[in-house]
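Now for the letters of each chain:
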Amino acid sequence: MEENINTAETLRRYIARLKERCSNLREEDRRNVENLRRTVESLEERCLDHKRAIESAIERCTKLRREYEASCRHLEILEIAAAPLFNEVLSERKDIESHMRKIIVLDDAEVCSVCLQDMSGGGEDVVALKCSHTFHEKCMSEWSKRKSNCPLCRHDMRKDQQPKLKRRRLSDDDKEDVIDLD
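Computed from a prediction, not measured in an experiment: that's the story for all the values here. Here, residues in each chain are numbered from 1, in the same order as that chain's written sequence. Per-residue local features of the predicted model are confined to residues with pLDDT of at least 70, and side-chain atom pairs are confined, for both listing and counting, to 80 or more; whole-chain, interface and lining totals are unaffected and use all residues. Excluded from the side-chain calculation are hydrogens and water; included are all heavy atoms of the structure.

Visitor: How would you explain the confidence of the model for the protein if you had to name every residue and give the values?
Guide: Taken residue by residue, the protein gives an average pLDDT of 79. The fraction at 70 or more is 76%. Values of pLDDT, the confidence the predictor places in each residue, fall between 0 and 100. Residues count as neighbours in contact if any of their non-hydrogen atoms are within 4.5 Å of one another. Within the model, the stretch residues 102-108 combines pLDDT values under 50 with three contacts to residues more than four positions away or in other chains. In this model residues 162-172 is a low-confidence stretch, pLDDT under 50, and it forms 56 contacts with partners more than four residues away in sequence or in other chains.

Visitor: A description of the nonpolar core should follow, citing residues and the corresponding values.
Guide: One finds Cys112, Met119, Val126, Val127, Leu129, Phe135, Cys139, Met140, Trp143, Cys150 and Met157 forming the largest nonpolar core, which totals 11 residues. Looking at this core, the elements that each hand over two or more residues are β1 (125-129) and α2 (137-146). In this description, a nonpolar core means a group of buried Ala, Val, Leu, Ile, Met, Phe, Trp, Tyr and Cys residues linked to one another through side-chain atoms lying within 4.5 Å. With a 1.4 Å probe rolled over the protein chains alone, any residue whose accessible area is under 20% of its type maximum counts as buried; one over 50% counts as exposed, and the rest are partly exposed. Strands here are runs of E lasting at least two residues and helices are runs of H or I lasting at least four, both read from the DSSP assignment and numbered beginning at the N terminus.

Visitor: Could you give an account of the pattern of salt bridges, naming the residues involved and the relevant values?
Guide: For this analysis, a salt bridge means a side-chain nitrogen from Lys or Arg found within 4 Å of a carboxyl oxygen belonging to Asp or Glu. Considering all chains together, one arrives at nine salt bridges under this definition. Glutamate 34 is paired through a salt bridge with arginine 37; the nearest N and O atoms lie 2.1 Å apart. One end of the pair is glutamate 34 and the other is arginine 37, both in helix α1 (residues 2-106) and three residues apart, which spans about a single turn. Taking relative accessible area as the criterion, arginine 37 reaches 37% and is therefore assigned partly exposed. Note that glutamate 41 and arginine 37 form a salt bridge whose closest N and O atoms lie 2.4 Å from each other. On the criterion of helical spacing, the pair formed by glutamate 41 and arginine 37 is a turn pair, its members being four residues apart in helix α1. Here the residues in one salt-bridge network are Glu34, Arg37, Arg38 and Glu41, joined through shared partners.

Visitor: I'd love a proper account of a nonpolar patch on the surface, names of residues and values included.
Guide: A surface patch of nonpolar side chains, amounting to about 360 Å² of accessible area, comprises Leu11, Tyr14, Ile15 and Leu18. As for its placement among the helices and strands, leucine 18 is situated in helix α1. Owing to a relative accessible area of 36%, leucine 18 belongs among the partly exposed residues under this scheme. To count toward a patch, a residue needs a relative accessible area over 30% and no salt bridge; like charges are then connected within 9 Å, while nonpolar side chains (Val, Leu, Ile, Met, Phe, Trp, Tyr) are connected within 5 Å. Per-residue accessibility takes into account occlusion by the displayed protein chains alone, with areas from the Shrake-Rupley method and a 1.4 Å probe.

Visitor: So what about the pairing of β1? Which residues, and what values?
Guide: Taking burial as the measure, the five residues of β1 include four buried ones, the bulk of the element. DSSP calls a pair of strands paired once it identifies at least 2 bridges connecting them. As paired elements, β1 and strand β2 (residues 134-136) share three bridges and run antiparallel to each other. Opposite valine 127, over in β2, you have phenylalanine 135 as the bridge partner. Hairpin geometry of β1 and β2 is characterised by an intervening segment of four residues between the two adjacent antiparallel strands and by a positive phi of about 75° at serine 132.

Structure, rendered in C-alpha cells:
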C-alpha cells in the first residue's frame, strides 16, 4: 500500500507539474499571440502607410504626366506658330550674309555702305559724317529721311549740328577735290 501511496503521490506531483507547465505554456502562448497580434497590426499600419505613399506618388506622376503632355502641346503650337517667323529670319540672315560677303569683297575699294556701290570713281558727290564714315550724297540723303543715325556705327546724326563734315567730288580721273564745311 505504501507503494501505491508513493506512486499516487508521485503521480499527483507529476500532474501538478504538468498543470503548472500547461499553465506556463498557456501564458507563454497568450503572450506570443498578443505579440503576434501587435506585430500584425504594426505591419498592417506600415502597409497602409506604404500604400498611401504609393498612391500619392502615383497621383504626382499622373499630374506631372499631364503637365508634360500640356507642355508638349504648347511647344508644338509654338513651333507651328514660329515656323514662318523662323523661315523669314533664316531668309533675311541669308540675305545679310550675302551682302556681308559683297562688302568683304569690296572692302579694299571705297564702297558706299547704303547702296554697296564703289565710290572710288564715277563723279558722284560723297559725304563724310562726323564719325568719318563716307557715303554717296544721294544715298545719305535718302537714308537720313528715314533714319537719324550712321548706317555703320549708329552714331546719332541729330547730335551733330552739321551732319556732313566734308563733301568731296570724285572726278573721273580719280582726282579728289575736298571741301571742308566746318
